[in-house]
Amino acid sequence: MFHYDAIDAAMVADRNAEFRDQVQRRLSGELSEEQFKPLRLMNGLYLQLHSYMLRVAIPYGALSSAKMRALAHVARRWDKGYGHFTTRQNIQFHWIKLSDTPDVLDYLTTAELHAIQTSGNCIRNTTSDPFAGAAAEEVDDPRVWSEVIRQWSTFHPEFTYLPRKFKIAVTASPQDRTAARAHDIGLVLRRNREGRLGFEVIVGGGMGRTPYIGATIREHLPAEHLLSYLTAILRVYNRFGRRDNLYKARIKILVASLGAAEFARQADAEWEAMDRPKVDLPDLELARIRASFGLVPFRTLPPRSERFEAARSDPAFARFARNNIVAHKVSGYGIVQVSLKGIGEVPGDCSADQMDALADLAEQYGHGEIRVTHEQNLVLPHVPLDDAPALHAGLVAVGLATPNINLVSDMIACPGLDYCALANARAIPIAQAIGQTFADPARAEAIGELKIKISGCINACGHHHVGHIGILGVDKKGEEFYQLTLGGSGAEDAAIGHVLGPALGADKVADAIDTLVEAYMAIRQPGERFLDTYRRTGVGPFKAAVYPDAHQA
Amino acid sequence: MLIRLENDHFHTVDDRFTAVGDDEALPDSDAVILSLARFEAEGTALLAAGRDVGVRVGPADRVEALVDVLPQLALVALDFPKYRDGRAYSTAVLLRDRYGFGGEVRAVGDVLVDQAWNMVRCGFDAFETTVGPNAWAAAARRYRHVYQASADNRAPAFAERATKARDPAARVG
Ligand code: HEM
Ligand code: SF4
């Protein structure tokens, strides 16, 4: 686990003092809400429908047991006993009082946590692969590079007042678990033929009302030039990104209007003219960061665990093992995924008691490490297979053993109208209804991988554009309706989905998903996921299934 | 009020420059600040007449237009029409780091004390603000360390760490 040194600790302490002072000036009326807003946003404080919401950063999604316990404490002491893990690996507390926030932030520093740059028009918390350090196929540990970016982007004097928010994701695996191509900048680390590390630099992805899959502007940026190249991209964006219209201010609009080739030319020209050695990270610091993540004291274990195999005679464990445990790079270990999508639960929600229990389980069975995923689940990345049955029992005891990772009920959903002031429609009850429809785990498993993503409005916080099935809440004369899209993907095969047909009433959505799934089951070829079948057949069979009457016209 | 940063010290100064609007008559006072557009029309003549000239650069203006005359300019004033408009930070960095401008870089417009550290780090050394120099200095020095290199040439955290690593006495603590 990475730990702060004295400099990191001083940075956060200075920030908290600054924010305490700003809150004081707001409460005394010296700062207007308009002046205060950008300042509070840069400290993760949103004003929602019912109260303030505090978004706490979880850099690259990596938590220790101690950090998880601190989050549990915040949930209990200052919120209503739970928190909400987000698609950007952060956690949100939805019921925080403005006057309490400086104390909450001071408390969080005791566990090396903060809320810096989790919102606002700045470079946001950098996200990464939740399997970092555990995935066999990764070419390097992406957390190292994410930490490099965390430091560079924190309080960047030039890039604190950007046209709009700016999100960066880093992955070092061919299998993309970060939605890199849906980010302002996606970085995919690879080795070239000479074995040198370099980044594929993808720019201009994003959701919202004009979704884009990012364009590759560099196939292989030498890794040591990461910071100077990011500086060049951000400088071009800061200078020339639109500021006249909130909805056209993201970098995706600049990239689309210039064309990716011209944007790349401008970024390259800026990069060529820059004093790169001044900006790039020296090797010594890279080595320090790498070392500061330490080594997990893995044990030498046989690849096959007798205890694990014996436990498979319990069908519940066998199902959990099939769906939630994946291979680890170290023999005898597994990566255990903990679903926060229990049937009928709010996707991403976790109670304080569950957080504490997970902290204990991670300490007992998983080297004290926990990760947050883009898909709003948690991961214990380093679990000896011998301990998986005991871990499973512990998860069952706190209601966290739902065996549905990547299955139909493992949905992403935004807070929607239950919390969000911008919403057109609720998202959570739709997710709950779909969960109920596919409550039978055997059926869910037979359906296979299916990614449903739900947003309560076109801002697309729930990433519906890149769902295999996307669900978008729309407002029709004051009533909540839902538009379905098919064929999107946020992974390495990224694509924007296509609208299926006219929007449906709230009570029709779960049935329509059921119909789509039945249509897929009827026509799929062996080994095809829902997405693969859709890509092979096109929308025809799916449209006919959901809108049978349309054919008669 | 105009605050200047000189030798690590923030203090108020009298402003000897007169900001002249685009359709105002030029005053006789020696030192004037013109918009980029007006400077492009009248600047050469004024400089030739030996006057001190500053140019006000708006956020949408391209500072590249000034590169050739920069050595002759007394100051460049970068305008913040709204404090959320962050383009002037990049302009300031370019002026200092790319074009080596050694004159005054002044922040004008919606200048809030909470931005003092951003401005100082990006190379501003004069600030038109309603805040006093002590409050301004405190806000500018809020952070004891910095993570990245910028126009102020403060040592970033990685350089501080490297120094410490080289000095065995410092490493003990
Ligand atoms: C409830 C309060 C929230 C509000 C008011 C809000 C507001 C917004 C807005 C206005 C956008 C569009 C930005 C743009 O296109 O420039 C957006 C996008 C987004 N938000 Fe939220 N959001 C909220 C909660 C959340 C939550 C809980 C999550 C995580 C689960 C989230 C994650 C995202 C993501 C991933 C995007 C898409 C980023 C992109 O466009 O590339 N938001 N949000
Ligand atoms: S998608 Fe819309 S409804 Fe959902 S959280 Fe974002 S802004 Fe709110």
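Residues numbered from 1 in each chain as written. Chains lettered and ligands numbered in written order. Predicted model: local features only at pLDDT ≥ 70, side-chain atom pairs only at ≥ 80, totals over all residues. Heavy atoms only, no water.

A. Local environment of the sheet that holds strand β15 (residues 378-384) of chain A. Residues and elements named next belong to chain A. The five strands lie next to each other as β3-β14-β15-β12-β11, forming an open sheet whose pairing is antiparallel. At either margin of the open sheet sits one strand with a lone partner, and together these are β3 (62-64) and β11 (325-327). Ignoring strand direction, the axes of neighbouring strands in this sheet form an average angle of 30°. For β11 and strand β12 (residues 333-338), the ladder comprises three bridges, and the chain directions are antiparallel. Residue pairing for β12: Val326 is matched across the bridge by Ile335. Sheet contacts for helix α13 (residues 352-365): β12, β14 (369-372) and β15; angle to β15, the most-contacted strand, approximately 25°. (Pairing = 2+ DSSP bridges. Helix = DSSP H or I, 4+ residues; strand = E, 2+ residues; numbered from the N terminus. Axes fitted to C-alpha atoms, helices over the stretch in contact; angles between N-to-C directions. Contact = heavy atoms within 4.5 Å.)

B. Molecular detail of the environment of B:Asp22. Residue and element names in this part refer to chain B. Structurally, the position occupied by Asp22 is in the loop between β3 (17-19) and β4 (31-35). The exposure class assigned to Asp22 is partly exposed, which follows from its relative accessible area of 46%. With 17 residues separating them along the chain, Asp22 and Phe39 place their C-alpha atoms 9.6 Å apart. In terms of polar contacts, Asp22 uses its side chain to reach the side chain of Ser35, at 2.7 Å. (Buried < 20%, exposed > 50% of the residue type's maximum accessible area, 1.4 Å probe, protein only. Polar contact = N/O pair within 3.5 Å; in protein donor to acceptor, adjacent residues only side chain to side chain.)

C. Quick peek at the interface of chain A and chain B. Contacts between chain A and chain B engage 43 residues on the former and 38 residues on the latter. A buried area of about 3800 Å², summed over both sides, lies between chain A and chain B, and 54% of it is on carbon and sulfur atoms. The salt bridge partner of B:Asp114 is A:Arg25, with a shortest N-O separation of 3.0 Å. For the interface between chain A and chain B, the tally reads 27 residue pairs in polar contact (both at pLDDT 80 or more). Residue assignment for the side of chain A that touches chain B shows that the elements contributing at least two residues are α1 (6-27), α2 (33-41), α5 (142-153), α6 (226-240), α8 (260-273) and α10 (283-292) of chain A. Among the elements that make up the side of chain A that touches chain B, the one with the highest residue count is α1(A) (12 residues). (Buried area = accessible area lost by both parts, 1.4 Å probe. Salt bridge = Lys/Arg side-chain N within 4 Å of Asp/Glu carboxyl O.)

D. Structural detail: the side chain of A:His464. Residues and elements named next belong to chain A. Relative to the assigned elements, His464 resides in the loop between β17 (452-455) and β18 (469-476). Using a relative accessible area of 2% as the deciding quantity, one classes His464 as buried. Of note is the side chain of His464, whose polar atom sits 2.8 Å from the side chain of Ser455. Once residues lying within four places of it in the same chain are set aside, the contact partners of His464 are Lys453, Ser455, Cys457, Ile458, Gly470, Ile471, Leu472 and Thr485.

E. Geometry of the site of ligand 1. Residues and elements named next belong to chain A. Ligand 1 sits among 21 residues. The nearest are Gln48, Lys165, Met207, Arg250 and Cys461. Within the contact set of ligand 1, an oxygen atom lies 3.3 Å away from a side-chain nitrogen or oxygen of Arg164. In the environment of ligand 1, an oxygen atom lies 3.1 Å from a nitrogen or oxygen atom belonging to the backbone of Met207. (Near = heavy atom within 4 Å.)

F. A look at the pattern of salt bridges. Residues and elements named next belong to chain A. The final tally for this structure, using the stated rule, is 72 salt bridges over all chains. Linking Arg150 and Glu147 is a salt bridge whose minimum nitrogen-to-oxygen distance equals 2.9 Å. Taken together, the positions of Arg150 and Glu147, both in helix α5 and three residues apart, correspond to about one turn of that helix. Glu147 shares its class with Arg150; the two are buried.

G. Summary view of the side chain of A:Arg25. Tracing the backbone shows A:Arg25 in helix α1. A polar atom in the side chain of A:Arg25 sits 3.0 Å from the side chain of B:Asp114. Not counting the four nearest positions on each side in its chain, A:Arg25 is found in contact with A:Glu30, A:Leu31, B:Val113 and B:Asp114.

H. Expanded view of the pairing of strand β4 (residues 82-85) of chain A. All names here are of chain A. Side chains Tyr82 and His84 project from β4 onto one buried face, and the interleaved Gly83 and Phe85 project onto a second face that is buried too. Here three bridges tie β4 to strand β13 (residues 349-351), and the two strands are oriented antiparallel to one another. Of the residues in β13, the one forming a bridge with Gly83 is Cys350. Direction of pairing for β4 relative to strand β5 (residues 91-96): antiparallel, over a ladder of two bridges. Note on β5: the bridge partner recorded for Phe85 is Ile91. Hairpin remark: β4 followed by β5, antiparallel, with five residues in the connecting loop; positive phi at Gln89, about 60°.

I. A look at the packing of α6(A) against helix α2 (residues 87-98) of chain B. α2(B) packs onto α6(A) with a crossing angle of 125° between their chain directions and a minimal axis gap of 8 Å. Taken together, the axes of α6(A) and α2(B) lie oblique to each other. The chirality of how α6(A) crosses α2(B) is left-handed. Between α6(A), through A:Arg235, A:Asn238 and A:Arg239, and α2(B), the contact on the second element is made entirely by B:Arg87, B:Ser90, B:Val93, B:Leu94 and B:Arg98. Split into classes, the residues belonging to the contact of α6(A) with α2(B) amount to two nonpolar, two polar and four charged. (Parallel < 35°, antiparallel > 145°, perpendicular 65-115°, else oblique. Left-handed = near helix turned anticlockwise from the far one by under 90°. Nonpolar A, V, L, I, M, F, W, Y, C, P; charged D, E, K, R; others polar.)

J. View of the domain arrangement of chain B. Residues and elements named next belong to chain B. Per the domain assignment, the segments making up chain B are domain 1 (2-142) and domain 2 (144-173). Each of domain 1 and domain 2 has a C-alpha centre, and these two points are 30 Å apart. The partner domain 2 presents eight residues to the eight residues of domain 1 that form the contact. Taking both partners together, domain 1 and domain 2 bury about 580 Å²; carbon and sulfur atoms supply 39% of that area. (Domains from an automatic or database assignment.)

K. Quick peek at the site of ligand 2. Around ligand 2 sit A:Cys414, A:Pro415, A:Gly416, A:Cys420, A:Leu422, A:Ala423, A:Ser455, A:Gly456, A:Cys457, A:Asn459, A:Ala460 and A:Cys461, and those are all the residues in its vicinity. For the shell around ligand 2, a count of residues per class yields eight nonpolar, four polar and no charged.

L. A look at the sheet that holds strand β5 (residues 52-57) of chain B. Residues and elements named next belong to chain B. Reading across the sheet, the eight strands line up as β2-β1-β8-β7-β6-β5-β4-β3 and stay open at both edges, with mixed pairing between neighbours. Taken across any chain shown, the strands that pair with only one partner, and hence form the sheet edges, are β2 (9-13) and β3. Each neighbouring strand pair of the sheet contributes to a mean axis angle of 25°, computed without reference to strand direction. Packed on one face of the sheet, α2 meets β5, β6 (75-80) and β7 (104-109) and runs near 165° to β6. On top of the sheet, helix α4 (residues 133-140) reaches β1 (2-6), β2 and β8 (126-128); it is set at about 150° to β2, its chief contact.

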